[in-house]
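Residue-level listing of the chains:
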Amino acid sequence: MAEHVILFAGPMGAGKTTAIEALSEVPVVRTEAANTDRETADKATTTVALDYGEITVGDVDKVRLYGIPGQRRFDFMWQILKDRARGLVVLVNADAPDPVASMLEFIEEFRDLHDRGGVVVGVTRADVVGGTSTAAFSDALYAAHPEMLVPVFTVDPREPEQMTTVLLTLVANIEMRAAMAPAAPAPAQEVH
Ligand SMILES: Nc1nc2c(ncn2[C@@H]2O[C@H](COP(=O)(O)OP(=O)(O)OP(=O)(O)O)[C@@H](O)[C@H]2O)c(=O)[nH]1
Ligand SMILES: [Mg+2]
């Protein structure tokens, strides 16, 4: 059984916890505390350590889903989880002050995950803003990092089917990358 560790990153209120709740087949471990920053995200609670959920893909692949806190003051958890993960879902809410810049910030912070696995972007709360299209996000990504291959979706994290599409795209990318990676060289033979 293959196992994937996927990180959900993005600004406060983007929908990381909501997405993991929508996807997980086991009760989600959540670490919510009262939200003292209602200006950034108008919701009662915020993640302070991590979210954890699990889903099985295609009957055999177990996917571990970790959500990290959006607030920078809790970013000690970012490093710990970054080292374990092989894939990244960046969720960014369309009603953030500058969602494109925010997306780029998280992509750059977690660049390693692109290089050793894969990255997808989900633009959330598109229904709240109206007129949101993925083009501005894809164009900015291509301008900043033409070498990176990152699919961009609009997604409502409350909808399990939509989140499943995003997750399966990422898992497919990771598996394709692994299949195409050159095999490790055979150990050198000693000559006597
Ligand atoms: N209308 C609408 N609401 C959404 C959408 N996506 C998320 N939400 C709501 O926005 C809020 C997102 O909250 P969380 O899931 O806690 O966000 P988070 O990314 O975990 O935030 P932190 O843990 O604080 O960093 C929830 O109330 C969701 O129901 C969307 O596409 N449309
Ligand atoms: Mg959260």
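Residues numbered from 1 in each chain as written. Chains lettered and ligands numbered in written order. Predicted model: local features only at pLDDT ≥ 70, side-chain atom pairs only at ≥ 80, totals over all residues. Heavy atoms only, no water.

> Mind showing me how you'd approach the packing of aromatic side chains here?
For any pair of aromatic rings, the description consists of the separation of the ring centres together with the inter-plane angle of the planes. Considering all chains together, one arrives at three aromatic pairs under this definition. An angle of 45 degrees between the planes, with centres 5.5 Å apart, marks the rings of Trp 78 and Phe 106 as tilted. Of this pair, Trp 78 sits in helix α2 (residues 76-84) while Phe 106 sits in helix α3 (residues 99-109); the two residues are 28 residues apart in sequence, bridging distant segments of the chain. On the basis of an interplanar angle of 45 degrees and a centroid distance of 5.7 Å, the ring pair of Trp 78 and Phe 110 is categorised as tilted. Here Phe 110 lies in the loop between α3 and α4 (111-116) and Trp 78 lies in helix α2, a separation of 32 residues in the sequence. Judged by its relative accessible area of 3%, Trp 78 falls in the buried class. Through successive ring pairs, a cluster of aromatic residues spans Trp 78, Phe 106 and Phe 110. (Phe/Tyr/Trp six-rings, centres within 6.5 Å; stacked < 30°, edge-to-face > 60°. Helix = DSSP H or I, 4+ residues; strand = E, 2+ residues; numbered from the N terminus. Buried < 20%, exposed > 50% of the residue type's maximum accessible area, 1.4 Å probe, protein only.)

> Honestly, the site of ligand 1 in this entry has me stumped. Any pointers?
Around ligand 1, 20 residues are found, and the nearest of them are Lys 16, Thr 18, Lys 43, Thr 46 and Asp 127. Separating an oxygen atom of ligand 1 from a side-chain N or O atom of Arg 125 is a distance of 2.9 Å. Expressed as a share of its isolated accessible area of 670 Å², the protein-covered part of ligand 1 is 85%. Elements that contribute at least two residues to the shell around ligand 1 include exactly α1 (16-23), β3 (45-47) and α5 (126-129). Counting residues per element, the shell around ligand 1 draws most heavily on α1, which supplies three residues. (Near = heavy atom within 4 Å. Polar contact = N/O pair within 3.5 Å; in protein donor to acceptor, adjacent residues only side chain to side chain. Areas by Shrake-Rupley, 256 points an atom, 1.4 Å probe, with all protein chains shown as cover.)

> Which parts of the structure should I look at to understand the coordination of the magnesium ion (ligand 2)?
Ideal values for angles at a metal depend on the geometry: 109.5 degrees with four tetrahedral donors, 90 or 180 degrees with six octahedral donors. Coordination of the magnesium ion (ligand 2) by the protein is provided by Thr 17 (OG1) and Thr 47 (OG1), with metal-donor distances spanning 2.0 to 2.1 Å. Here Thr 17 is found in helix α1, whereas its partner Thr 47 is found in strand β3, with 30 residues between them in sequence. By the burial criterion, Thr 17 is buried, and Thr 47 matches it. (Donors = N, O, S within 2.8 Å, 3.2 Å for Na, K, Ca; no water.)

> How should the pattern of salt bridges be read in this particular structure?
Under the counting rule described, the total for this entry stands at 14 salt bridges. Linking Arg 64 and Glu 3 is a salt bridge whose minimum nitrogen-to-oxygen distance equals 2.8 Å. Pair noted here: Arg 64 is in strand β5 (residues 61-67) and Glu 3 is in strand β1 (residues 3-9), with a separation of 61 residues, a long-range link. Note on Arg 64: relative accessible area 18%, which makes it buried. Of the charged contacts in the structure, one is a salt bridge between Arg 64 and Glu 54, with a shortest N-O distance of 3.6 Å. Remark: Glu 54 occurs in strand β4 (residues 51-57) and Arg 64 occurs in strand β5; sequence separation between them is ten residues. Both residues of the pair, Arg 64 and Glu 54, belong to the buried class. When salt bridges with common partners are traced through the structure, they connect Glu 3, Glu 54, Lys 62 and Arg 64 into a single cluster. (Salt bridge = Lys/Arg side-chain N within 4 Å of Asp/Glu carboxyl O.)

> How should the packing of α1 against helix α7 (residues 160-180) be read in this particular structure?
Describing two packed helices takes the angle between their axes plus the distance from one axis to the other. At a minimum axis separation of 9 Å, α1 and α7 run at an interaxial angle of 95 degrees. One element, α1, and the other, α7, form an angle in the roughly perpendicular class. Contacts from Ala 19, Ala 22 and Leu 23 of α1 reach α7 at Pro 160, Met 163, Thr 164 and Leu 167. The class makeup of the residues in the contact of α1 with α7 is six nonpolar, one polar and no charged. (Axes fitted to C-alpha atoms, helices over the stretch in contact; angles between N-to-C directions. Parallel < 35°, antiparallel > 145°, perpendicular 65-115°, else oblique. Contact = heavy atoms within 4.5 Å. Nonpolar A, V, L, I, M, F, W, Y, C, P; charged D, E, K, R; others polar.)

> I would appreciate a short explanation of helix α6 (residues 135-144) in the present structure.
The periodicity of an α-helix, 3.6 residues per turn, causes residues three or four places apart in sequence to face the same way. Within the span of α6, buried status applies to Phe 137, Ala 140 and Leu 141. Taken around the axis of α6, the buried residues stretch over an arc of 100 degrees, which confines them to a single face. Opposite the buried face of α6, by more than 90 degrees, sit the exposed residues Asp 139, Tyr 142 and Ala 143. Those residues of α6 hidden inside the fold are in contact with β6 (87-93), α3, β7 (118-124) and β8 (152-154). (Arc of directions from axis to C-beta.)

> When you look at unusual backbone geometry in this model, what are you seeing that I'm missing?
Comment: phi is negative for the bulk of residues other than glycine, and the bulk of peptide bonds are trans. Phi at Arg 125 takes a positive value of approximately 55 degrees, unusual for a residue other than glycine. Its location among the elements puts Arg 125 in the loop between β7 and α5.

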